[in-house]
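Next come the chains, spelled out residue by residue.
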Amino acid sequence: MPEVKTKVTDASVDDFLNSIENPLRRKDAQQVCALMARVTGQPPRMWGDSIVGFDAYSYQQGDGTTATWPMAGFSPRKASLTVYIMPGFAAFGDRLAKLGPHTVSKSCLYLKNLAKIDESVLESIIREAYDQMRATYRR
């Protein structure tokens, strides 16, 4: 199995966020970064060259090797701001209905414009997902 390429780095989160060309995406990313830092109580760290992560957990992959990933994180992609909800969305159906315009995949929440999102709902989803991850991986 190839080695995981997305690892925590010493790169500056502020430099990364300030380098985002789209001013709306840059503002949204800075806002989500502050929200996640508040919710997790952890400092942001760069994971690879485009993911901002908070805290970390290790898990065993199918081949038996161990990998590490952030417990909470986001990436300001060109098409949307991607928020990583690591436990998935099974417990969040009622809140997703109140969140505002978004799409989801397995553990990704895609937001095009944070101004159209209910930030208190977003915060509650991130908080519960982070708490679930801590309960599962911090024994």
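Whatever comes next refers back to the structure up there.
Procedures and definitions
- Residues numbered from 1 in each chain as written.
- Predicted model: local features only at pLDDT ≥ 70, side-chain atom pairs only at ≥ 80, totals over all residues.
- Heavy atoms only, no water.
- Helix = DSSP H or I, 4+ residues; strand = E, 2+ residues; numbered from the N terminus.
- Expected span 1.5 Å × (residues − 1).
- Buried < 20%, exposed > 50% of the residue type's maximum accessible area, 1.4 Å probe, protein only.
- Contact = heavy atoms within 4.5 Å.
- Pairing = 2+ DSSP bridges.
- Disulfide = S-S within 2.5 Å.
- Phe/Tyr/Trp six-rings, centres within 6.5 Å; stacked < 30°, edge-to-face > 60°.

Between its terminal C-alpha atoms helix α4 (residues 119-137) stretches 27 Å, which fits the 27 Å expected from 19 residues at 1.5 Å a residue. Among all positions of α4, only Val121, Leu122, Glu123, Ile125, Ile126, Ala129, Tyr130 and Met133 are buried. Looking at the buried side of α4, the elements it contacts are α2 (23-40), β3 (57-60), β5 (72-76), β6 (81-84), α3 (93-99) and β8 (108-111).

Moving on: the pairing of strand β2 (residues 51-54). Of the two faces of β2, both are covered, the one formed by Ile51 and Gly53 as well as the one formed by Val52 and Phe54. Where strand β1 (residues 45-47) folds back onto β2 in an antiparallel hairpin, the turn is made up of three residues, including glycine 48, whose phi is positive at roughly 70 degrees. Here β2 pairs with β5 via three bridges, running antiparallel. Bridging from a neighbouring strand, valine 52 pairs with phenylalanine 74 of β5.

Using the criterion set out here, one finds zero disulfides in the structure. With no disulfide partner, cysteine 33 has as its closest neighbouring cysteine sulfur the one in cysteine 108, 18 Å distant.

Mapping phenylalanine 54 onto the fold places it in strand β2. Taking relative accessible area as the criterion, phenylalanine 54 reaches 0% and is therefore assigned buried. Each C-alpha atom, one on phenylalanine 54 and one on valine 39, is 9.8 Å from the other, the two residues being 15 residues apart in sequence.

Tallied over the entire structure, the rule returns three aromatic pairs. Residues tyrosine 57 and tyrosine 59 carry aromatic rings whose centres are separated by 5.6 Å and whose planes lie at 35 degrees to one another, so their mutual orientation is tilted. In this structure tyrosine 57 comes out as buried when scored by relative accessible area, which is 9%. One aromatic cluster is present, formed by Tyr57, Tyr59 and Tyr137 through successive ring pairs.

Attention shifts here to the pairing of β8. Relative to β8, β6 is paired through four bridges, and the arrangement is antiparallel. Counterpart to leucine 81 in the pairing with β8 is leucine 111. Alignment of strand β7 (residues 103-104) against β8, held across two bridges, turns out to be antiparallel. Of the residues in β8, the one forming a bridge with threonine 103 is tyrosine 110. Adjacent in sequence and paired antiparallel, β7 and β8 are bridged by three residues.

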